[in-house]
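Each chain, written out:
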Number of protein chains: 2
Amino acid sequence: MQEGDAGVRQVRDLGEQGLLQRLQKFCPADVVGDDGALLSVRQGYLLVVTSDTLVDGVHFSVGFATPGVRTTSAYDAGWRSAAANLSDLAAMGAAPLGITVGLGLPGEVPIALVEELYQGMVDCLQPFNTPIVGGDICRSPVTSLNITALGEVLPHQAIRRSTAQPGDVILVTGVHGASRAGLELLLHPEMGQELRSSDRAHLIRAHQRPRPRLDVIPRLHLLDPLPDRFTGMDSSDGLADAVLQICRASKVGAQIDRHQIPLAAGLANWLPEKALEWALYGGEDFELVLCLPSPSAQMLLNVLEGSAIVGTITAEPGVVLWGSTGQSVEQQLSLDRGFQHFG
Amino acid sequence: MQEGDAGVRQVRDLGEQGLLQRLQKFCPADVVGDDGALLSVRQGYLLVVTSDTLVDGVHFSVGFATPGVRTTSAYDAGWRSAAANLSDLAAMGAAPLGITVGLGLPGEVPIALVEELYQGMVDCLQPFNTPIVGGDICRSPVTSLNITALGEVLPHQAIRRSTAQPGDVILVTGVHGASRAGLELLLHPEMGQELRSSDRAHLIRAHQRPRPRLDVIPRLHLLDPLPDRFTGMDSSDGLADAVLQICRASKVGAQIDRHQIPLAAGLANWLPEKALEWALYGGEDFELVLCLPSPSAQMLLNVLEGSAIVGTITAEPGVVLWGSTGQSVEQQLSLDRGFQHFG
């Protein structure tokens with residue numbers, strides 16, 4: 001790192017206009033430079049809008065101003081912010097159109113770190129051909145990042161939280177608990193020495209470079225017969241939160257089989273007690289949690305590697321965790337145990 | 001104020017979910033509550049996206065955490081933030097569809113102040129039937145507000161910065177310098193005792209409750225003949241900045257007649273030297289600065305009360321300020337004198 005070096009150019013050396021000009025290389029030239037960006041939404045499609053704010057020291061620890069406490073690189077902070085927003089679009093069944101970036105920065109942040117942050121966002125967006133279509137930079141005592149993601153979806157293909165029905169099965173598109181385990185390994189490098197190095201690297205990568213599951217959406221549309229409704233959300237705040245939110249919005253309950261929840265390789269053997277807690281409440285795995293009629297779910301299971309059916313929607317309210325092997329005591333899940341940002 | 005009163009409910013008492021639920025009364029019930037909002041863009045229209053970040057202590061002084069230094073009420077901070085974003089939509093020639101709100105908040109902020117902030121936004125949006133369609137709340141050491149505004153425009157009616165041509169006249173839709181004068185009166189209540197009380201109130205109101213000029217857009221579309229292009233932007237960073245940005249994007253120059261710039265009532269008599277500086281560089285007047293063929297500008301002048309023609313686009317580069325009465329020395333305008341956020 002170069003902080004303290006008098007030769008390092010800082011944000012305050014460029015000013016807002018200068019910095020914005022410098023960052024335009026990350027944006028398509030034809031949509032930036034005016035008071036707003038112009039985008040096309042295809043005929044018949046609805047516009048999907050989702051927004052997310054991240055603050056240094058709360059949601060990530062870039063430690064721009066105090067590099068000693070950095071646990072996330074600027075590149076990874078950018079990647080994860082973009083991934084979280086693309087995941088929200090996936091959770092709506094949408095195809096991405098673009099994102100806007102609002103950045104609050106202390107004047108002493110090195111310009112190179114801001115460019116790293118943008119590079120992380122652009123690299124996460126690139127596989128989905130999604131541009132940064134505008135944004136705003138302003139001085140702030142703390143680094144903050146607000147992303148608004150825009151997408152498009154055909155009305156009957158929108159995934160909603162409120163349309164689950166008793167008898168639907170609950171399908172998750174991949175493993176849970178990995179991101180939280182990766183964070184623990186980053187915070188406590190002395191932990192997990194018994195993990196295989198490939199498993200360890202995989203857990204850390206799950207935290208640093210999560211992949212939004214936009215790839216799932218076209219597969220939903222290929223289901224034959226096509227379900228008459230799509231229900232679901234992403235597991236950004238944990239699997240428990242996702243199921244609870246869907247049940248609340250749909251006025252139904254659910255049963256989750258704890259033994260069916262797919263865990264990252266190595267995790268269950270490493271910390272069997274923690275693994276389930278992290279899967280349910282850890283958050284940031286950015287998988288999709290879908291409620292579908294059983295035949296549709298079975299078809300999806302066959303084409304979506306890593307997916308699993310973890311439970312069933314019930315008419316009785318409440319979300320119950322149980323174990324199909326009969327060894328586990330039933331447990332009622334609750335939002336209170338989930339991540340509470342002001343807690 | 002009620003800070004320090006143990007009975008005041010603070011953000012941390014509700015948590016993120018609780019606060020979001022409480023704020024849903026400010027949002028239409030049919031578009032919130034999912035991972036993203038769903039909006040319709042009319043067929044043939046382009047989507048317009050613009051984004052703005054405001055930080056307590058930098059762009060406004062709500063002083064949520066330190067109420068002693070408050071110079072903006074939470075209501076006015078909300079109003080002004082919404083107005084700034086609607087003004088960006090007006091500057092693109094767009095009709096508004098909705099805004100998203102990303103709010104960073106310290107845990108000790110009273111909930112009542114957050115509701116005031118939202119009420120200010122909603123009241124500014126109401127005349128334009130524009131809903132808050134979503135957003136995000138998160139813990140932050142400093143209060144920050146990111147708004148992304150969405151609008152729609154027919155492709156040939158979009159107002160751009162880059163299409164000014166030599167010979168176009170420069171029309172402003174209203175007075176300049178008022179917002180900055182109002183801020184000075186708020187910061188220094190002992191100033192301006194010689195102002196008429198109605199003028200004083202008007203200046204302060206111009207700062208606290210600016211009105212985005214979305215009303216101008218339908219009038220542009222009624223011009224007969226319709227111009228083949230619409231050029232302009234808003235004067236949120238000052239009249240000088242607007243003209244300079246348009247000239248840079250269009251690769252042209254401009255002459256501005258200082259005596260033609262409309263100033264708020266009372267301002268020129270009160271502080272004649274400051275008045276021009278505030279009009280050019282003060283910012284936040286949120287008027288539109290339009291470049292049009294002379295006949296179109298004359299027509300607009302007739303239907304738009306308070307508008308004025310202040311200059312002409314030239315082929316020679318550079319923006320020159322001159323006085324039609326011959327008493328003023330010519331002066332070259334420069335972006336460096338404008339508001340620099342990291343300065």
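Reading guide: rules and limits
Residues numbered from 1 in each chain as written. Chains lettered and ligands numbered in written order. Predicted model: local features only at pLDDT ≥ 70, side-chain atom pairs only at ≥ 80, totals over all residues. Heavy atoms only, no water. Helix = DSSP H or I, 4+ residues; strand = E, 2+ residues; numbered from the N terminus. Buried < 20%, exposed > 50% of the residue type's maximum accessible area, 1.4 Å probe, protein only. Contact = heavy atoms within 4.5 Å. Areas by Shrake-Rupley, 256 points an atom, 1.4 Å probe, with all protein chains shown as cover. Buried area = accessible area lost by both parts, 1.4 Å probe. Polar contact = N/O pair within 3.5 Å; in protein donor to acceptor, adjacent residues only side chain to side chain. Nonpolar A, V, L, I, M, F, W, Y, C, P; charged D, E, K, R; others polar. Pairing = 2+ DSSP bridges. Least-squares fit on C-alpha atoms with pLDDT ≥ 70 in both. Domains from an automatic or database assignment. Salt bridge = Lys/Arg side-chain N within 4 Å of Asp/Glu carboxyl O. Axes fitted to C-alpha atoms, helices over the stretch in contact; angles between N-to-C directions. Parallel < 35°, antiparallel > 145°, perpendicular 65-115°, else oblique. Left-handed = near helix turned anticlockwise from the far one by under 90°.

Per the secondary structure count, chain A includes 10 helices and 13 strands. The buried share among the 343 residues of chain A stands at 58%. Within chain A, contacts between residues at least 6 apart in sequence are counted, and of these 83% link residues at least 24 apart. Counting every atom, chain A has about 13,600 Å² of accessible surface; 50% of that belongs to carbon and sulfur.

What follows concerns the interface of chain B and chain A. Of the residues lining the interface, 60 residues belong to chain B; the matching set on chain A comes to 60 residues. Contact between chain B and chain A buries roughly 5,200 Å² in total, counting both sides, with carbon and sulfur atoms accounting for 56%. For the pair chain B and chain A, the interface holds 7 residue pairs in polar contact (both at pLDDT 80 or more). With 9 residues, the top contributor of residues to the side of chain B that touches chain A is strand E2 (residues 46-55) of chain B. Taken together, the residues of the side of chain B that touches chain A sort by class into 26 nonpolar, 22 polar and 12 charged. The pairing of strand E2 (residues 46-55) of chain A with strand E1 (residues 37-39) of chain B spans 3 bridges and is antiparallel. Counterpart to A:Val48 in the pairing with E1(B) is B:Leu38.

All right, on to the relation of the copies chain B and chain A then. Take chain B, turn it by 180°, move it 0.0 Å along the axis, and it overlays chain A with an RMSD of 0.0 Å. Both copies of the chain, as the preceding transformation shows, are related through a two-fold rotation axis. Interface overlap between copies: 100% of the residues of chain B at the interface are likewise at the interface in chain A, consistent with a symmetric, same-surface contact.

On to the domain arrangement of chain A, then. Interfaces are often sized by the accessible area lost when the parts come together. Residue and element names in this part refer to chain A. Domains assigned within chain A are domain 1 (11-155) and domain 2 (158-337). Put simply, the middle of domain 1 and the middle of domain 2, counted by C-alpha atoms, are 27 Å apart. Between domain 1 and domain 2, the residue contacts involve 22 residues of the former and 21 residues of the latter. Of the roughly 1,800 Å² buried between domain 1 and domain 2, counting both surfaces, carbon and sulfur atoms make up 59%. Of all residues in domain 1, Trp 79, Arg 80 and Ala 91 give up the largest surface area on contact with domain 2, accounting jointly for 28% of the area buried on that side. Across the contact surface, domain 1 and domain 2 share 2 salt bridges. Between Arg 209 and Asp 76 there is a salt bridge; the shortest N-O distance is 2.5 Å. Residue composition of the side of domain 1 that touches domain 2, grouped by class: 16 nonpolar, 3 polar and 3 charged.

Per the stated rule, a full pass over the model turns up 24 salt bridges over all chains. When the shortest N-O distance is used, the salt bridge between A:Asp228 and A:Arg229 registers 3.5 Å. Residue classification places A:Arg229 among the buried positions, given a relative accessible area of 14%. Where B:Glu115 meets B:Arg22, a salt bridge forms, and the shortest distance between an N and an O atom there is 3.0 Å. Separated by 93 residues along the polypeptide, B:Glu115 in helix H3 (residues 111-125) and B:Arg22 in helix H1 (residues 11-23) bring together distant segments of the chain. Overlapping salt bridges bring together A:Arg22, A:Lys25 and A:Glu115 as one network.

Bringing the sheet that holds strand E7 (residues 169-172) of chain A into the picture now. All names here are of chain A. One open sheet holds the 8 strands; their spatial order is E6-E8-E10-E7-E11-E9-E12-E13, and the pairing between them is mixed. The two strands at the open ends of the sheet, each matched to only one other strand, are strand E6 (159-160) and strand E13 (331-332). As paired strands, E7 and strand E10 (residues 288-292) are joined by 4 bridges and run antiparallel to one another. Counted as the bridge partner of Leu 171 is Leu 290 from E10.

The next point concerns the sheet that holds strand E5 (residues 144-153) of chain B. Read across the sheet, 5 strands follow the order E1(A)-E2(B)-E5(B)-E3(B)-E4(B) without closing on themselves; strand pairing throughout is mixed. Single-partner strands in this sheet number two, and they are strand E1 (37-39) of chain A together with strand E4 (132-139) of chain B. Sheet twist, expressed as the average angle between the axes of neighbouring strands with direction ignored, equals 20°. Relative to E5(B), E2(B) runs antiparallel, the two being bridged by 10 bridges. Looking at E5(B), one finds that B:Val48 is bridged to B:Gly151. Across the sheet, H3(B) touches strand E3 (95-105), E4 and E5 of chain B, and the angle it forms with E3(B) is around 165°.

Another aspect to go through is the packing of helix H4 (residues 178-187) of chain A against helix H5 (residues 197-208) of chain A. Residue and element names in this part refer to chain A. Between H4 and H5, whose axes approach to 7 Å, the crossing angle comes to 105°. With respect to their mutual orientation, H4 and H5 come out roughly perpendicular. In contact with Ala 178, Ser 179, Ala 181, Gly 182, Leu 183, Leu 185 and Leu 186 of H4, H5 contributes Arg 200, Leu 203, Ile 204, Ala 206, His 207 and Gln 208. Residues that form the contact of H4 with H5 fall into these classes: 8 nonpolar, 4 polar and 1 charged.

Moving on, we come to the pairing of strand E9 (residues 253-257) of chain B. All names here are of chain B. Counting buried positions along E9 yields 4 of 5 residues, so the element is predominantly enclosed. Bridge analysis of E9 against strand E11 (residues 308-314) gives 4 bridges, and the strand direction is antiparallel. Bridge pairing in E11 places Ala 254 opposite Ile 313. Here 4 bridges tie E9 to strand E12 (residues 319-322), and the two strands are oriented parallel to one another. Pairing of Asp 257 across the sheet is with Trp 322, part of E12.

Residue and element names in this part refer to chain B. With respect to the helices, strands and loops of the structure, Thr 231 is situated in strand E8 (residues 230-234). A distance of 2.6 Å separates polar atoms of two side chains, one belonging to Thr 231 and the other to Thr 163. Thr 231 has contacts with Ile 159, Arg 160, Arg 161, Thr 163, Ala 164, Ile 246, Val 289, Leu 290 and Cys 291, leaving out every residue within four places of it along the chain.

All names here are of chain B. Where helix H2 (residues 74-91) contacts H3, the two axes come as close as 7 Å, and the packing angle between them is 40°. The orientation of H2 with respect to H3, classified from their angle, is oblique. Between H2 and H3 lies a crossing of right-handed hand. Listed contacts from H3 to Ala 74, Tyr 75, Ala 77, Gly 78, Trp 79, Ala 82, Ala 83 and Leu 86 of H2 are Leu 113, Glu 116, Leu 117, Gln 119, Gly 120, Met 121, Asp 123, Cys 124 and Leu 125. Split into classes, the residues belonging to the contact of H2 with H3 amount to 12 nonpolar, 3 polar and 2 charged.

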